[in-house]
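Below are the chains, spelled out letter by letter.
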Amino acid sequence: MILAARARWRAAILVCAKCEKKLGKKGFGPDGSQPLSKLLHKRAGGGKGRKAGIGVISTKCLKICPKGAVTIVDGARPRDWLIVQAGTPIEQVEARLGLTEALLVAAE
């Protein structure tokens, strides 16, 4: 038997947890200390689990392991992985992922 469950997600973003951990105190946000996954989740209006507007999933190692950066995958474009350098403005990351202002507001 297969059951289905609905989510409110308008997008699904996979973030390599190992990359984030290797950055340590170098990260993202105004002071450069936040993990990318937490910052994306917070800016997308929060929410938990399937009730969130945008799904930000921390994954195990994606096997790219860039120095000073985090590997992310946009679920809408799984062939195009992104390597985001620490300190990159979050607005630039959102724009590259197609998370426009309208999408982020609708996620709230």
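Heads up: the structure comes first, above all this text.
A. Expanded view of a positive patch on the surface. A surface patch of positive charge is lined by Lys18, Lys22, Lys63 and Lys67. By secondary structure assignment, the location of Lys67 is in the loop between strand S2 (55-59) and strand S3 (69-74). For Lys67, a relative accessible area of 78% puts it in the exposed group.

B. Local environment of the side chain of Glu20. Its place among the elements puts Glu20 in helix H1 (residues 17-23). Despite its burial, Glu20 remains without a salt bridge, the nearest opposite charge being carried by Lys38 at 8.2 Å.

C. Fine view of the pattern of salt bridges. Using the criterion set out here, one finds three salt bridges in the structure. Salt bridges here are not isolated pairs; linked through shared partners, they connect Arg43, Glu91 and Glu94.

D. Structural view of empty space enclosed by the protein. Here the structure, examined in full by the defined rule, presents one cavity of 30 Å³ or more. Size it by volume and the largest cavity reaches roughly 40 Å³. Taken together, Asp74, Arg77, Asp80, Leu82, Arg96 and Leu97 make up the full set of residues lining the largest cavity. Considered class by class, the residues forming the lining of the largest cavity number two nonpolar, no polar and four charged.

Parameters and conventions
Each chain carries its own residue numbering, running from 1 in the direction its sequence is written. At least 70 in pLDDT is required for a residue's local features to be given in this predicted model, at least 80 for side-chain atom pairs to be given and counted, and no such filter applies to totals for whole chains, interfaces and linings, which use all residues. Note: side-chain values were computed over all heavy atoms of the structure, leaving out hydrogens and water. Each patch groups residues whose relative accessible area exceeds 30% and which form no salt bridge, using 9 Å between like charges and 5 Å between nonpolar side chains of Val, Leu, Ile, Met, Phe, Trp and Tyr. For the accessible areas, the method is Shrake-Rupley and the probe is 1.4 Å, while residue cover comes only from the protein chains on display. A pairing counts as a salt bridge when a side-chain nitrogen of Lys or Arg comes within 4 Å of a carboxyl oxygen of Asp or Glu. Positive: Lys, Arg. Negative: Asp, Glu. His and the chain ends are not part of the count. Charged groups are reduced to one reference atom each: NZ for lysine, CZ for arginine, CG for aspartic acid, CD for glutamic acid. Strands are runs of DSSP state E lasting at least two residues, helices are runs of H or I lasting at least four, and both sets are numbered from the N terminus onward. The buried label applies to any residue whose accessible area, calculated with a 1.4 Å probe on protein chains only, is under 20% of its type's maximum; exposed applies above 50%, and partly exposed to all values in between. A cavity here means a set of 1 Å grid points, computed over protein atoms only, where a 1.4 Å probe fits but cannot escape. A pocket is an open set with protein on both sides within 12 Å along at least 5 of 7 lines, and lining residues have an atom within 4 Å of a point. Grid points are joined across faces, edges and corners, and a volume is the space filled by probe spheres set on the points. Following the grouping adopted for this structure description, the nonpolar residues are Ala, Val, Leu, Ile, Met, Phe, Trp, Tyr, Cys and Pro, the charged ones are Asp, Glu, Lys and Arg, and the polar ones are all others, Gly among them.

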